[in-house]
Amino acid sequence: MDVRRRQPVSVRSIKANPNGKSLGGVNGDVHDPIKASDALPLPLYLANAVFFGVFFSVVYFLLTRWREKIRTSTPLHVVTLSEIAAIVTFLGSFIYLLGFFGIDFVQGFIARPGHDNEWDAEDDIIVKDDARAVPCGAAVDCAPPVVASPKPKVPVPSPLSSEEDEEIIKSVVAGAIPSYTLESRLGDCKRAAAIRREVLQRMTGRSLDGLPLEGLDYESILGQCCEMAVGYVQIPVGIAGPLLLDGREYSIPMATTEGCLVASTNRGCKAIYASGGATSVLLRDAMTRAPVVRFGNAKRAAELMLFLDNPLNFDTLSVVFNKTTRFGRLQSIKCAIAGKNLYIRFSCSTGDAMGMNMISKGVQNVLDFLQTDFPDMETIGLSGNYCADKKPAAVNWIEGRGKSVVCEAIIKEEVVKKVLKTNVAALVELNMLKNLTGSAMAGALGGFNAHASNIVSAVYIATGQDPAQNVESSHCITMMEAVNNGKDLHISVTMPSIEVGTVGGGTQLASQSACLNLLGVKGASKESPGMNARQLAAIVAGSVLAGELSVMSAIAAGQLVSSHMKYNRSSKDVSKA
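In short, a report on the structure.

Reading the values: rules and limits
- Residues numbered from 1 in each chain as written.
- Predicted model: local features only at pLDDT ≥ 70, side-chain atom pairs only at ≥ 80, totals over all residues.
- Heavy atoms only, no water.
- Helix = DSSP H or I, 4+ residues; strand = E, 2+ residues; numbered from the N terminus.
- Buried < 20%, exposed > 50% of the residue type's maximum accessible area, 1.4 Å probe, protein only.
- Contact = heavy atoms within 4.5 Å.
- Areas by Shrake-Rupley, 256 points an atom, 1.4 Å probe, with all protein chains shown as cover.
- Axes fitted to C-alpha atoms, helices over the stretch in contact; angles between N-to-C directions.
- Parallel < 35°, antiparallel > 145°, perpendicular 65-115°, else oblique.
- Left-handed = near helix turned anticlockwise from the far one by under 90°.
- Nonpolar A, V, L, I, M, F, W, Y, C, P; charged D, E, K, R; others polar.
- Patch = residues over 30% accessible without salt bridge, like charges linked within 9 Å, V, L, I, M, F, W, Y side chains within 5 Å.
- Salt bridge = Lys/Arg side-chain N within 4 Å of Asp/Glu carboxyl O.
- Expected span 1.5 Å × (residues − 1).

**Digging into the overall build of the protein**
- A count of helical and extended segments in the protein gives 18 helices and 14 strands.
- Looking at the protein as a whole, 40% of its 577 residues are labelled buried.
- If you take every contact in the protein between residues at least 6 apart in sequence, the share linking residues at least 24 apart comes to 70%.
- A total accessible area of about 31,500 Å² is found for the protein, and carbon and sulfur atoms account for 59% of it.

Set out below in structure tokens:
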């Protein structure tokens, strides 16, 4: 493509060579074929830049206008004078760009010589017709003429994927293709998400520009984490620590949008570290599932309850339960009757998995086994809410669910004063009146703490746990007591139902897996099944301990508002927004 600016010349004659091919000439000289770009008043690259800018500006203007019409239900065929001018400009710039790039590209492609003897023939033509009256000058283009070779057939390009996607989008909008079938139809999860995203924008008239699409492995979430994907939400991850727990240091990943939370937890970790660290104790490790079954009368329900309570039958039921899983082991069965309905609460260990699917399979197997001896038993639901999952419940507070952990530390007097900016007596009094008495006055269920759920939620999201299980996992009672003649502070958190796992679910995603790896509990434990999940539960409890210590100190010192104004408020002047 010639990008040089040429001197204007006049065309006087066009000679025909002996082979019948015409050559453009100036004053009878052999010359390049005249190009349309020679007549442009600007250098070619500037002209291209101008038309490119005009083309995309007009396209943006028209798309903006049409989107506004769609939102306001204005007919698209009703156009203003400015829109007419824009359409005309669009057509003109499009024709120029198409002529310049499209035609020139095709011509260059089909004019490519195919054999060496064609170049020899062209040399002969140049020698015979080279009858220049003057030598080549700077103002005359002396390049040899290009003789076009026979034009081969141009192959028809295959339809672009964008055209295919457009047809699929229209079909989904029309209801011909269900949106949830895109992954199986296309075999490309990312493409399915992009198409579904565009469908959603067209059907709602709302933009999803701020919701990222790139950067997520959509194959990894298929059938495991999320259906009908259209993107993902970005949540910042901060690090608190190191937390010195049971003689080991941990950097705690916390995914949150609440300013001051990570900073506060980090201060608590610092105080614990300076005082020699914290220790944890695992009390129980058992996930629960409680189906509800119904009989014709209360007597039959009581008979099944007595059968399940009999220790002689437990071993048989354990075998039936345990053969559905390699890691799950039935631990206990507890029953509760409501009329002719029986609620059966199964408890089992689940290895390094959180274990809801594992225990559900085992429970279903036991129910099928019991149907033989109790054919009149009707299973109403595999979960009868006596479990209890993702709801505040006294049964979890008393009996526990998942991992039951106690974590404690003794904070030295000088650390309380220098790091936490308060004193032991003030903390003990505040804890009694706020976390204990205040929560009792509010009728709290498992909420005898300052903000345990803040830390639990942040760690859960960062490590791929089920955020909804924050409800029962945040059950916590925070205790504070002056020790060593009132000089030091003993603080503890008791959390009876921490539900965590290091395999399955969201733990398999790249970001969450990286956070688990940071804690040293990624995947299943090779040394002892379940050890990684138990260690993660202890880390959660230790993080809550740090968070409780810091926020209670801030309240006792009157710094809660000032710290949130510093870390949890935007610096923008909202009065000018």
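**What to know about the packing of helix α14 (residues 452–463) against helix α17 (residues 531–556)**
- Look at α14 against α17: their axes get within 9 Å of each other, and the N-to-C directions meet at 135 degrees. When the axes of α14 and α17 are compared, the pair comes out oblique. Seen from above, α14 lies across α17 with right-handed handedness. Here α14 contributes Ala-452, Ile-455, Val-456, Val-459 and Tyr-460 to the contact with α17, which in turn contributes Val-540, Ser-543, Val-544, Gly-547 and Glu-548.
- Split by residue class, the contact of α14 with α17 holds seven nonpolar, two polar and one charged.

**A closer look at a nonpolar patch on the surface**
- There is a patch of nonpolar side chains on the surface, built from Val-79, Leu-81, Ile-84, Ile-87, Val-88, Leu-91, Phe-94, Ile-95 and Leu-98 and spanning about 840 Å² of accessible area.
- Relative to the assigned elements, Ile-95 resides in helix α2 (residues 81–110).

**Considerations on helix α7 (residues 261–274)**
- Given a rise of 1.5 Å per residue, 14 residues ought to cover 20 Å, and the 20 Å separating the end C-alpha atoms of α7 matches this to within 8%.
- Three or more residues of α7 are buried, namely Leu-261, Val-262, Ser-264, Thr-265, Arg-267, Gly-268, Cys-269, Ala-271 and Ile-272.
- Those residues of α7 that are buried are in contact with β4 (237–245), β5 (248–255), β11 (402–411), α12 (413–418), α14 and α17.

**What about the pattern of salt bridges?**
- Under the definition given, this model contains 18 salt bridges.
- Arg-191 serves as the salt-bridge partner of Asp-165, at 2.7 Å between the closest nitrogen and oxygen. With Asp-165 in helix α4 (residues 161–174) and Arg-191 in helix α6 (residues 189–204), this pair connects stretches of sequence that are 26 residues apart.
- Between Asp-389 and Arg-401 there is a salt bridge; the shortest N-O distance is 3.1 Å. Taken together, the residues span a long stretch of sequence, with Asp-389 in the loop between β10 (378–381) and α11 (394–399) and Arg-401 in the loop between α11 and β11 at a distance of 12 residues.

**Here we look at the side chain of Glu-472**
- Mapped onto the elements, Glu-472 comes out in helix α15 (residues 470–473).
- We classify Glu-472 as buried; its relative accessible area is 0%.
- If we ignore the near neighbours within four places in the chain, the residues touching Glu-472 are Ala-388, Asp-389, Lys-390, Lys-391, Asn-396, Arg-401, Ser-497 and Glu-499.

**Brief notes about the environment of Ala-338**
- Take Ala-338: it is sitting in strand β8 (residues 329–338).
- When the C-alpha atoms of Ala-338 and Ala-301 are compared, they prove to be 9.2 Å apart, with 37 residues separating the residues in sequence.

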